[in-house]
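# A structural walkthrough
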Amino acid sequence: MANIAEIIKLIIRDESVHGTYIGYKFQLGFNELSEKEQDDLRDWMYDLLYQLYENEENYTKTLYDQVGWTEEVLTFLRYNANKALMNLGQDPLFPDTANDVNPIVMNGISTGTSNHDFFSQVGNGYLLGSVEAMQDDDYNYGLY
């Protein structure tokens, strides 16, 4: 089980890097748009997100009402939606923050390296690289 947890944490960390890069690329394109185009895209984006949230809210109620976890799951959904918006350089839609999410859930999605001593087993952590804005010259590698 410890190995499975470590694999899941590595996958979450990897997906976090993908989301950061996609958000960065979106922001580059978004910043090239006119103010009107940005407003139109932002309106569309928030409308779509709210439609998706309503769908998830209904699904969550179907799954979790009987066990009493609906509100906790909805809090996490709103927090996660806000994270996606912030990745895209947009303002959060919902008032929920990481402090509102059940700490057990936040611990479960934590991407920190784990060390455990279960029959001398050690976690497979790795360090994330530092991030810096890409330049056009970065694509000319080996052409000089």
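Quick caveat: nothing in here was measured; it's all calculated off a predicted structure.

To continue, consider the overall build of the chain. Within the chain, the regular secondary structure consists of four helices and zero strands. Starting at the N terminus and ending at the C terminus, the chain contains elements arranged as α-α-α-α. At a minimum sequence separation of 6, the contacts of the chain that also span at least 24 residues come to 61%.

Structurally, the position occupied by Asn 87 is in helix α3 (residues 70–87). Using a relative accessible area of 30% as the deciding quantity, one classes Asn 87 as partly exposed. Look past the residues within four positions of Asn 87 in its chain and what remains in contact with it is Gly 19, Thr 20, Gly 23, Tyr 24 and Gln 27.

Another point: a nonpolar patch on the surface. A cluster of nonpolar residues, Tyr 21, Ile 22, Met 134 and Tyr 139, forms a patch on the protein surface that exposes about 420 Å² of accessible area. Mapped onto the secondary structure, Tyr 139 falls in the segment after α4 (103–108). With relative accessibility at 51%, the residue Tyr 139 sits in the exposed group.

A separate point is α3. Under the 1.5 Å per step criterion, the end-to-end length of α3 is 26 Å for 18 residues, consistent within 8% with the ideal 26 Å. When α3 is considered as a whole, its buried residues turn out to be Thr 70, Leu 74, Thr 75, Leu 77, Arg 78, Tyr 79, Ala 81, Asn 82 and Leu 85. With its phi angle positive at about 80°, Gly 89 sits one or two positions after the end of α3.

Applying the stated criterion across every chain yields a total of three salt bridges. Asp 40 is paired through a salt bridge with Lys 36; the nearest N and O atoms lie 2.8 Å apart. Here the residue Asp 40 and the residue Lys 36 both occupy positions in helix α2 (residues 35–64), the gap between them amounting to four residues, near one helical turn. Among the ionic pairs, Asp 96 bridges to Arg 78, the shortest N-O distance being 2.6 Å. Separated by 18 residues along the polypeptide, Asp 96 in the loop between α3 and α4 and Arg 78 in helix α3 bring together distant segments of the chain. With a relative accessible area of 15%, Arg 78 lands in the buried category.

As a further point, take the side chain of Asp 96. Overall, Asp 96 belongs to the buried group, its relative accessible area being 11%. A distance of 2.6 Å separates the side chain of Asp 96 from the side chain of Arg 78, its partner in a polar contact. Once residues within four sequence positions are removed from consideration, Asp 96 is found in contact with Thr 75, Arg 78, Tyr 79 and Asn 82.

For the rest of this paragraph, the subject is the packing of aromatic side chains. What describes a pair of aromatic rings is the distance from one ring centre to the other and the angle between the planes of the rings. Under the criterion given, the structure shown has five aromatic pairs. Centroid distance Tyr 50 to Tyr 53: 6.3 Å. Interplanar angle 35°. Geometry classified as tilted. Of the two residues, Tyr 50 and Tyr 53 both sit in helix α2, three residues apart, roughly one turn of that helix. Measuring from ring centre to ring centre gives 6.2 Å for Tyr 64 and Trp 69, while their planes differ by 25°; the resulting arrangement is stacked. Taking the relative accessible area as the measure of exposure, Tyr 64 reaches 27% and is therefore partly exposed.

Parameters at a glance
Residues numbered from 1 in each chain as written. Predicted model: local features only at pLDDT ≥ 70, side-chain atom pairs only at ≥ 80, totals over all residues. Heavy atoms only, no water. Helix = DSSP H or I, 4+ residues; strand = E, 2+ residues; numbered from the N terminus. Contact = heavy atoms within 4.5 Å. Buried < 20%, exposed > 50% of the residue type's maximum accessible area, 1.4 Å probe, protein only. Patch = residues over 30% accessible without salt bridge, like charges linked within 9 Å, V, L, I, M, F, W, Y side chains within 5 Å. Areas by Shrake-Rupley, 256 points an atom, 1.4 Å probe, with all protein chains shown as cover. Salt bridge = Lys/Arg side-chain N within 4 Å of Asp/Glu carboxyl O. Expected span 1.5 Å × (residues − 1). Polar contact = N/O pair within 3.5 Å; in protein donor to acceptor, adjacent residues only side chain to side chain. Phe/Tyr/Trp six-rings, centres within 6.5 Å; stacked < 30°, edge-to-face > 60°.

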